[in-house]
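Residue-level listing of the chains:
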Amino acid sequence: MNMFEKTTKAVKEVGGNVFDSAKNFGNSIYAASKEQSKLAGIKVQKSVVEKRLMESYAEIGKRYVAYISGTNADEAFDVSEIMEAMRPDLEKLAEIEEEIAEKTLNARKEEEQRQWRKAQEEFEAEKNKLDKALSMEIISREEYDEKVAVIQKKLDNHEQIRKIEMQLQMGIISKDEYEAKISQLLK
């Protein structure tokens, strides 16, 4: 196989990998947006229940002010019927908050899994390029081994790298500190 055929084959394989990655990325975005849409719907339900509860709290407050000011001093301060009417909404609110917490946790786990798959795909793509370069004798075995070790360390330390990137995004560390931490991890 001559150099042109090898290059053509390599380009076709890389193109196929890029297409597969784009397809997987599109599917994960669709799933994430679907979950975000469900979460938004649940949050709307929560705000509706909270609004009804606020009306009940306001009624309790009015009764308390009237009781304290003495206008209804001959009556006992009783809001049991309001509390009884609020009970289903309070129970529903607790269920909704639990569902929101569960969906938020699931979304975070799915995002972490998506990021891990992305890191693995990047590793595989980079390793495939290095494999091809080695087979085409573009790089030596020593260069290959060094580069594979670096990308393997990057994959192995994916979680720590992600946390360091988040620290940079949040402004907790400077760009220099970020670069120092990353280089320390990849040594």
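See the structure printed just above.
Residues numbered from 1 in each chain as written. Predicted model: local features only at pLDDT ≥ 70, side-chain atom pairs only at ≥ 80, totals over all residues. Heavy atoms only, no water.

Student: Would you mind going over the overall build of the chain in detail, with residue names and values included?
Tutor: Each helix and strand in the chain was counted, giving 5 helices and 0 strands. Mapped from its N terminus to its C terminus, the chain presents α and β elements in the order α-α-α-α-α. Counting over 187 residues, the chain shows a buried share of 19%. Long-range pairs, those at least 24 residues apart, make up 61% of the contacts in the chain between residues at least 6 apart in sequence. In the form shown here, the chain has an accessible surface area of approximately 13,600 Å², with 55% of it arising from carbon and sulfur atoms. (Helix = DSSP H or I, 4+ residues; strand = E, 2+ residues; numbered from the N terminus. Buried < 20%, exposed > 50% of the residue type's maximum accessible area, 1.4 Å probe, protein only. Contact = heavy atoms within 4.5 Å. Areas by Shrake-Rupley, 256 points an atom, 1.4 Å probe, with all protein chains shown as cover.)

Student: Account for the pattern of salt bridges, naming residues and giving values.
Tutor: Counted by the stated rule, this structure contains 13 salt bridges. For E59, the salt bridge is made with R63, and the minimal N-O distance between the two is 3.3 Å. Note that E59 and R63 are positioned in helix α1 (residues 3-69) at a spacing of 4 residues, about one turn of the helix. Relative accessible area serves as the criterion here: at 30%, E59 is assigned to the partly exposed category. Put simply, E112 and R162 hold a salt bridge, and the shortest N to O gap is 3.9 Å. One end of the pair, E112, is in helix α2 (residues 80-135); the other, R162, is in helix α4 (residues 158-169), with 50 residues separating them in the sequence. Taking relative accessible area as the criterion, E112 reaches 32% and is therefore assigned partly exposed. According to the relative accessible area criterion, R162 is buried, its value standing at 15%. (Salt bridge = Lys/Arg side-chain N within 4 Å of Asp/Glu carboxyl O.)

Student: Can you lay out the environment of A119 for me, pointing to particular residues and giving the numbers?
Tutor: Position of A119 relative to the elements: it lies in helix α2. Owing to a relative accessible area of 12%, A119 belongs among the buried residues under this scheme. Distance in space between the C-alpha atoms of A119 and L155 is 6.3 Å, their sequence separation being 36 residues. Not counting the four nearest positions on each side in its chain, A119 is found in contact with L155 and H158.

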